[in-house]
Amino acid sequence: QVQLVESGGGLVQPGGSLRLSCAASGFTLDYYAIGWFRQAPGKEREAISCISSSDGSLYYLDSVKGRFTISRDNAKNLVYLQMNSLKPEDTAVYYCATAEVCSWSDSYRYWGQGTQVTVSS
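All values derive from a computational prediction rather than experimental measurement. (Residues numbered from 1 in each chain as written. Predicted model: local features only at pLDDT ≥ 70, side-chain atom pairs only at ≥ 80, totals over all residues. Heavy atoms only, no water.)

Colleague: Which parts of the structure should I look at to understand the state of the cysteines?
Modeller: Summed over the entire model, instances satisfying the criterion amount to two disulfides. Paired through a disulfide, Cys 22 and Cys 96 show a sulfur-sulfur distance of 2.1 Å. When the S-S torsion is 75°, as for the bridge of Cys 22 with Cys 96, the disulfide is right-handed. Separated by 74 residues along the polypeptide, Cys 22 in strand E3 (residues 18-25) and Cys 96 in strand E9 (residues 92-99) bring together distant segments of the chain. A sulfur-sulfur separation of 2.1 Å characterises the disulfide bridge that pairs Cys 50 with Cys 102. Since a negative S-S torsion denotes a left-handed disulfide, the Cys 50-Cys 102 link at about -85° is left-handed. Within this pair, whereas Cys 50 is found in strand E5 (residues 46-51), its partner Cys 102 is found in the loop between E9 and strand E10 (115-119), the two being separated by 52 residues in sequence. (Disulfide = S-S within 2.5 Å. Helix = DSSP H or I, 4+ residues; strand = E, 2+ residues; numbered from the N terminus.)

This is the structure:
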């Protein structure tokens, strides 16, 4: 079955770093745009980043620009989200998802189960 799995979440202190990974089974990630989303308790899910499958364009939510970096490792069939200078407001469940093109909407086909990121001292 087609499946996406996020990993790399955990508990980190403010100012710390985490690298999330998005792994696919059943398809090749480099054929798709890959978006990262997050959802905090009681809040709507929001798109935070996307990497295009066509020209490699990168997109970031304003609140994470300069702190988060999305990248691909095609040899490993992985997409990463490097998160630096983490803030408590970054606490959320983080999801990766596939689409034909990057979009700020939720029109993504395959979704992972999410990985928890908690930023707290």
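Additional details are given in the paragraphs that follow.
Colleague: Hey, could you run me through the pairing of E9 in this one?
Modeller: In regular strands, side chains alternate between the two faces of the sheet. By the criterion of burial, E9 is predominantly enclosed, with seven of the eight residues buried. Strand direction decides the pairing type here: strand E4 (residues 33-39) and E9, joined by seven bridges, are antiparallel. By the bridge assignment, Ile 34 is partnered in E9 with Thr 98. Of the strand pairs in this sheet, E9 and E10 are connected by three bridges, and their pairing is antiparallel. Bridging across to E10, Val 93 finds its partner in Gln 116. (Buried < 20%, exposed > 50% of the residue type's maximum accessible area, 1.4 Å probe, protein only. Pairing = 2+ DSSP bridges.)

Colleague: What is the right way to read the side chain of Glu 6 from this model?
Modeller: Locating Glu 6 in the fold gives a position in strand E1 (residues 3-7). For the buried residue Glu 6, which engages in no salt bridge, the nearest side chain bearing the opposite charge is Arg 45, 8.6 Å off. One polar contact links the side chain of Glu 6 to the main-chain amide nitrogen of Cys 96, over a distance of 2.7 Å. Within the local environment of Glu 6, its side chain forms a polar contact with the backbone nitrogen of Gln 113, the two atoms lying 2.9 Å apart. Excluding anything up to four places from it in sequence, Glu 6 contacts Ser 21, Trp 36, Tyr 94, Tyr 95, Cys 96, Gly 112, Gln 113, Gly 114 and Thr 115. (Lys, Arg positive; Asp, Glu negative; His and termini not counted. Salt bridge = Lys/Arg side-chain N within 4 Å of Asp/Glu carboxyl O. Polar contact = N/O pair within 3.5 Å; in protein donor to acceptor, adjacent residues only side chain to side chain. Contact = heavy atoms within 4.5 Å.)

Colleague: How should the sheet that holds strand E2 (residues 10-12) be read in this particular structure?
Modeller: Sheet strands pair via backbone hydrogen bonds, and the direction of the pair is either parallel or antiparallel. Strand order in the open sheet formed by six strands is E2-E10-E9-E4-E5-E6, with mixed pairing between adjacent strands. Unpaired on one side and paired on the other, E2 and strand E6 (58-60) mark the two borders of the sheet. Mean inter-strand twist for the sheet, computed between neighbouring axes without regard to direction, equals 25°. (Axes fitted to C-alpha atoms, helices over the stretch in contact; angles between N-to-C directions.)

Colleague: Is there a simple way to think about the sheet that holds strand E7 (residues 68-73) in this case?
Modeller: One open sheet holds the four strands; their spatial order is E1-E3-E8-E7, and the pairing between them is antiparallel. Two strands lie at the open edges of the sheet, namely E1 and E7, each paired on one side alone. For this sheet the average axis-to-axis angle between neighbouring strands, irrespective of direction, equals 15°. Here six bridges tie E3 to strand E8 (residues 78-83), and the two strands are oriented antiparallel to one another. The partner of Leu 18 across the bridge, within E8, is Met 83.

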